[in-house]
Each structure stands twice: as C-alpha cells, then as structure tokens.
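Summary of the model geometry
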Amino acid sequence: WHPDKNPDNKEAATAKFQSIATAYEVLSDDALREAYDYSLDHPEEHMYNKMRYYRAVYQPKTPLWAVLLGLISLTSCGQYYHWNERAKAFKQSPQFAKMLEEEYVRNCTRGRHGYQTGELTSDKKAEVKAAFLEQLAEDPDVPFSPPRWSNTVIPALVYHAPAAAFKWLKWRGAKHKGIE
C-alpha cells in the first residue's frame, strides 16, 4: 500500500498507507495501545478516553528529577561564572590597582621611593599580590571573593540547608521547655 508502489491509484494508496502508519504508531506505544484498548472497551466514557489519549501522547518523556537536576546544575554553573566574572572585574578596576599600589609601597623598605626605583622584583610583586588577594578575600567589606563552588545552589541544597535544619531542630529540642 505504499504510494510509490501504486502509481495508478495514488490517492487510495496514500490514505491506506496513512491509516496503517497511524495504527502502527498506536500499537507500538504501550501507553497509546492501553488508551486505545480502554476506549474500545468503554466507548461511553468519551471525555475520559480523550484524557487518556492526550496524557499518553503529550506526557513529557524526560523524568522530572532529570529536569530539576539539569536546572540546578545550570544555575550553579551560572552562579560560579558570575562569581568568576565579578572577581575578574574587581581585579581590573582602578580601585584595586590603587589599593595594590599602596600595598606594594608598604612592602618596600624605602617606601614610595623604593617602589618607584624598582625595589620590588616581579616575583616579589606576585607574592605581595597573592597575599593581598588572600587578605581581601577574608574581608567582608571588599567586593572581591574568589569563585568557589561552595557559593552555589548545589552545596546550599545538599549541605547548608540540611545542616541549618538540623541545628534548628537541635536548638528547638534544647529550648522546648522555655518556648512553651
């Protein structure tokens, strides 16, 4: 019944081929076949049969846990990228350059004169810069923070939220008498 093999009766062959293809589609899918069999057994339940058909045809094939895991992973990657870009932007800012220059001057034995005459070697400058960045990372008032995966959604959901809930339950159990 393929239309290419029946060129003299192409319209009838096309109609028959489409009905065979539809039947194969219904019978090859377990959920569709079950909905079809139920509709044959219970023709009076027209709306329910339609609902079963549409559920079988349009129900998402990807499990919800996979979608949520992908969304959380994508969000965490976005957050990590944001922290990384924020750190890069701070390192390139004039404010950071000024603060770093002041730190270089503080590390020179002859002060600004030593800095301007090249007292610090490039290795010493790298050491001073690394120590200064560590110091800035610990200061909460400075907008610099190196990117860490611990600042993303995944550790918050897996570790921080359960730990906070456990601490609250522990506190609630200890203070139960006083709260009542």
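In case you missed it, the structure is sitting above this.
All of the points below concern the structure found in this document. (Residues numbered from 1 in each chain as written. Predicted model: local features only at pLDDT ≥ 70, side-chain atom pairs only at ≥ 80, totals over all residues. Heavy atoms only, no water.)

Here we look at the overall build of the protein chain
Worth spelling out the cut-off: A run of H or I in DSSP counts as a helix once it spans at least four residues, and a run of E counts as a strand once it spans at least two, with each numbered from the N terminus. When we talk radius of gyration, it's over C-alpha atoms, and the globule rule is simply 2.2 Å times the number of residues to the 0.38. When a residue's accessible area, from a 1.4 Å probe over protein chains only, is under 20% of the maximum for its type it is buried; when over 50% it is exposed; and in between it is partly exposed. We count Lys and Arg on the positive side and Asp and Glu on the negative side, and we leave His and both chain ends out. Charge positions are represented by NZ for Lys, CZ for Arg, CG for Asp and CD for Glu.
Broken down by element type, the protein chain carries nine helices and zero strands. Listing each helix as α and each strand as β along the protein chain from the N terminus yields α-α-α-α-α-α-α-α-α. For the protein chain, the C-alpha radius of gyration of 34 Å lies well beyond 16 Å, the compact-globule estimate for 180 residues. The buried share among the 180 residues of the protein chain stands at 16%. Charge separation in the protein chain, taken as the distance between the mean sites of 24 positive and 23 negative side-chain charges, equals 8 Å.

Some points on the nonpolar core
Heads up, the rule is: To qualify as a nonpolar core, a set must consist of buried Ala, Val, Leu, Ile, Met, Phe, Trp, Tyr and Cys residues joined through side-chain atoms within 4.5 Å. Residues are treated as being in contact if the distance between any of their heavy atoms lies within 4.5 Å.
Residues Phe90, Phe96, Leu136 and Phe144 are the most contacted members of the largest nonpolar core, which totals 13 residues. Of all elements in the fold, only helix H4 (64-91), helix H5 (94-106) and helix H7 (122-138) reach the threshold of two or more residues within this core. By residue number, the principal contributor to this core is H7, which donates four residues. Ignoring any residue separated from it by four or fewer positions in sequence, one finds Phe90 in contact with Gln95, Phe96, Leu136, Val142, Pro143 and Phe144.

Quick notes on the environment of Thr121
What counts here: Counted as a polar contact is a pair of N or O atoms within 3.5 Å, where, for protein atoms, one must be capable of donating a hydrogen and the other of accepting one, and residues adjacent in sequence contribute only when both atoms are in side chains.
Along the chain, Thr121 turns up in the loop between helix H6 (111-116) and H7. In this structure the side chain of Thr121 is engaged in a polar contact, spanning 3.2 Å, whose partner is the backbone nitrogen of Lys124.

Let's talk about the packing of aromatic side chains
The condition is simple: Two rings from Phe, Tyr or Trp (for Trp, the six-membered ring) form a pair when their centres are within 6.5 Å of each other. A pair whose planes differ by under 30 degrees is stacked, one over 60 is edge-to-face, and the rest are tilted. We count a charge as sitting over a ring when the NZ of a lysine or the CZ of an arginine lies within 6 Å of the ring centre and within 35 degrees of the ring normal.
One pass over the structure, following the stated rule, counts eight aromatic pairs. Both rings, one in Tyr53 and one in Tyr54, keep their centres 5.3 Å apart while their planes meet at 65°; by these two values the pair is edge-to-face. One aromatic cluster is present, built from ring pairs that chain together Phe90, Phe96, Phe132 and Phe144. Across from the ring centre of Tyr38, 4.6 Å away, lies the NZ or CZ of Arg52, which sits over that ring. Residue placement shows Lys125 over the ring face of Tyr104; its charged tip is 5.6 Å from the ring centre.

Describing the environment of Pro155
On the secondary structure map, Pro155 appears in helix H8 (residues 153-174). Along the sequence, Pro155 and Ser76 sit 79 residues apart, while their C-alpha atoms lie 9.2 Å from each other. Pro155 has contacts with Trp149, Ser150 and His160, leaving out every residue within four places of it along the chain.

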